Amino acid sequence: MSNRIAVVTGATGGLGKAMCQALAAQGRKLVASHLPGDEFVQEAKDWQAELGNDGIEVAIYPLDVTDYDSCKTFVDTVEKELGPIDILVNNAGITNDAPLKRMKPEQWNQVVNVNLNSMFNMCSQVFDGMCERGFGRIVNISSLNGEKGQFGQSNYAATKAGIYGFTKSIAQEGARKGVTANAVSPGYVDTPMVRKVPEKILNSIIEGIPVGRLGAPEDIARAVSFLTADEAGYITGTNLSVNGGQYMS
């Protein structure tokens, strides 16, 4: 079925846009989330219109991935207005960096809530329905730094590493019921955030990538669309590293 409903959280950035484009190419009905609050509504509408200019329709709803009830309301609304969710891409994530000796509890808790607790908050809303219908694709976006760690990112790396254990566990729970769960771990991707890195540091990063370039958002999106394909039912509980060879595990 090409018209399955696919939800992408944290979709209004460069990676989310590429993911939506790749899923649309599969014929999916797209749903994206944006942060709640009036200050984020126009940004979300502009992003939605940008995709619309490419002929891609996306329904967009407010969502606080750190709040269980907000996730329940989001899923209930989508399924009432559009239909059952068969594909979930947990893409929402943040950083709040500091060396451990200077990291504040609020920095730790904020990153854990957005990057890891959101996995439970969203997956628990859709998992039973997927199992009952006999089909589901869950892709959780982790990170290169979840695989290898990173100075000043103990909070971020811990959450992204935690995604692997969560993903493997629910993969086992859904395997006999047609529900797959996998992770994708991007390396350094050419996004506005990465381009803000000082040129000298950015060049040093690129020099350390064997393929000799930053990743493109489309590189990550292809991995997501591969794992969410109807034909990908024999791939579950795995992590797909997309980092240009920068870290080989």
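Residues numbered from 1 in each chain as written. Predicted model: local features only at pLDDT ≥ 70, side-chain atom pairs only at ≥ 80, totals over all residues. Heavy atoms only, no water.

### As for the overall build of the protein
- Helix and strand counts for the protein stand at 9 helices and 7 strands.
- The C-alpha radius of gyration of the protein comes to 17 Å, within 12% of the 18 Å expected for a compact globule of 249 residues.
- Each of the three principal axes of the protein carries a C-alpha extent, and together these read 50 × 40 × 40 Å.
- For the protein, the residues scored as buried account for 47% of the 249 residues in total.
- The contacts in the protein between residues at least 6 apart in sequence include a share of 74% that link residues at least 24 apart. (Helix = DSSP H or I, 4+ residues; strand = E, 2+ residues; numbered from the N terminus. Rg over C-alpha atoms; globule rule 2.2 N^0.38 Å. Buried < 20%, exposed > 50% of the residue type's maximum accessible area, 1.4 Å probe, protein only. Contact = heavy atoms within 4.5 Å.)

### As for the sheet that holds strand E5 (residues 136-141)
- Spatially, E3-E2-E1-E4-E5-E6-E7 is the arrangement adopted by the 7 strands of the open sheet, whose pairing is parallel. Since the sheet does not close on itself, it has two edges, and those belong to strand E3 (58-62) and strand E7 (239-242), each with one partner. Pairs of neighbouring strands in the sheet enclose a mean axial angle of 20 degrees, with direction left out of account.
- Relative to strand E2 (residues 29-34), strand E1 (residues 5-8) is paired through 4 bridges, and the arrangement is parallel. Residue pairing across strands places Val8 opposite Ala32, the latter belonging to E2. (Pairing = 2+ DSSP bridges. Axes fitted to C-alpha atoms, helices over the stretch in contact; angles between N-to-C directions.)

### Observations regarding the nonpolar core
- Among the nonpolar cores identified, the biggest contains 29 residues, and Met19, Trp47, Val89 and Val184 are the most heavily contacted of them.
- For this core, the secondary structure elements donating two or more residues are E1, helix H1 (14-25), E2, helix H2 (38-53), E3, strand E4 (85-90), E5 and helix H9 (217-228).
- In this structure, Trp47 is in contact with Ala11, Thr12, Gly13, Gly16, Lys17, Cys20, Ala32, Val58 and Ile60, ignoring residues within four places of it in sequence.
- Counting residues in hydrophobic clusters, the runner-up holds 25 residues, among them Cys71, Val75, Leu88 and Ile170. (Core = buried A, V, L, I, M, F, W, Y, C linked by side-chain atoms within 4.5 Å.)

### Considerations on the packing of H1 against H2
- Remark: H1 packs on H2, axes separated minimally by 11 Å, with the N-to-C direction vectors making an angle of 40 degrees. Taken together, the axes of H1 and H2 are oblique relative to one another. Crossing geometry of H1 relative to H2 is assigned as right-handed. Judged by residue contacts, Gly16, Lys17, Cys20 and Gln21 of H1 engage Trp47, Glu50 and Leu51 from H2.
- The residue makeup of the contact of H1 with H2, split by class, is 3 nonpolar, 2 polar and 2 charged. (Parallel < 35°, antiparallel > 145°, perpendicular 65-115°, else oblique. Left-handed = near helix turned anticlockwise from the far one by under 90°. Nonpolar A, V, L, I, M, F, W, Y, C, P; charged D, E, K, R; others polar.)

### Considering H9
- Over its 12 residues, H9 extends 17 Å from the first C-alpha to the last, a length consistent with the 16 Å expected when each residue adds 1.5 Å.
- In terms of residue burial, H9 counts as a mostly covered element, since 9 of its 12 residues are buried.
- Where H9 is concerned, the buried positions are Pro217, Asp219, Ile220, Ala221, Ala223, Val224, Ser225, Leu227 and Thr228.
- Buried-residue contacts for H9 involve H1, E4, E5, strand E6 (179-186) and E7. (Expected span 1.5 Å × (residues − 1).)

### Notes on the UniProt feature "domain: Ketoreductase" (unreviewed entry) in the protein
- Per the UniProt record, "domain: Ketoreductase" (unreviewed entry) is annotated on residues 4-187.
- For residues 4-187, the helix share is 53%, the strand share is 19%, and the end-to-end C-alpha distance is 29 Å. (UniProt positions renumbered as here; feature names shortened; annotations may be inferred.)

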